[in-house]
Amino acid sequence: MTAAAVAAALFMGGCASTGAPVDVNGADVATRTLENGDTFEEYRVAGQLRMVKITPLRGAPYYLYDRDGDGALDRDDADKVPQTYWKLFSW
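Residues numbered from 1 in each chain as written. Predicted model: local features only at pLDDT ≥ 70, side-chain atom pairs only at ≥ 80, totals over all residues. Heavy atoms only, no water.

Comments concerning the overall build of the protein chain
In step 1: When helices and strands are counted, the protein chain shows 1 helix and 5 strands.
In step 2: Relative to its full complement of 91 residues, the protein chain shows a buried share of 22%.
In step 3: Of the contacts made within the protein chain by residues no fewer than 6 positions apart, 19% connect residues no fewer than 24 positions apart.
In step 4: Here the protein chain has roughly 6,500 Å² of accessible surface; of this, 55% comes from carbon and sulfur atoms. (Helix = DSSP H or I, 4+ residues; strand = E, 2+ residues; numbered from the N terminus. Buried < 20%, exposed > 50% of the residue type's maximum accessible area, 1.4 Å probe, protein only. Contact = heavy atoms within 4.5 Å. Areas by Shrake-Rupley, 256 points an atom, 1.4 Å probe, with all protein chains shown as cover.)

A word on the packing of aromatic side chains
In step 1: Applying the stated criterion across every chain yields a total of 1 aromatic pair.
In step 2: Taken together, a centroid distance of 6.1 Å and an interplanar angle of 0 degrees make the contact between Tyr 63 and Tyr 65 stacked.
In step 3: Residue class for Tyr 63 comes out buried when judged on its relative accessible area of 14%.
In step 4: Residue class for Tyr 65 comes out buried when judged on its relative accessible area of 6%. (Phe/Tyr/Trp six-rings, centres within 6.5 Å; stacked < 30°, edge-to-face > 60°.)

Here's the deal with the environment of Arg 67
In step 1: With respect to the helices, strands and loops of the structure, Arg 67 is situated in the loop between strand S4 (62-65) and strand S5 (85-86).
In step 2: Remark: the alpha-carbon pair of Arg 67 and Met 51, spanning 16 residues in sequence, is separated by 8.7 Å.

Side note on the side chain of Glu 41
In step 1: Of note, Glu 41 is situated in strand S2 (residues 39-45).
In step 2: Although Glu 41 is buried, it makes no salt bridge; Lys 53 carries the closest opposite charge, 4.4 Å away.
In step 3: Not counting the four nearest positions on each side in its chain, Glu 41 is found in contact with Val 29, Ala 30, Thr 31, Met 51, Val 52 and Lys 53. (Lys, Arg positive; Asp, Glu negative; His and termini not counted. Salt bridge = Lys/Arg side-chain N within 4 Å of Asp/Glu carboxyl O.)

Description of the environment of Asp 28
In step 1: By secondary structure assignment, the location of Asp 28 is in strand S1 (residues 28-33).
In step 2: Take Asp 28: its relative accessible area is 54%, and that puts it in the exposed class.
In step 3: Through-space distance from the C-alpha of Asp 28 to that of Gly 47 is 8.1 Å; in sequence the pair is 19 residues apart.
In step 4: Setting aside residues no more than four positions away along its own chain, Asp 28 makes contact with Glu 42, Tyr 43 and Arg 44.

This is the structure:
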């Protein structure tokens, strides 16, 4: 294996998703199914919303986070749309 191949393998390993960027250990999870069949999971720590996981009926799950702990989901300042995250790798 060449040095370039080893470097590429290490880089790709570092890009892999390792878990939620917020601490949801010990979180209370409330799950409900929406009218369109999507599953909506709220993760609350000490009563404060920290993460939302949405699993569409068809498609990959995606996540919304509150990284700064202010009780509101993170938004993009430019257009006030919640920042959406997908899990790209898992092993």
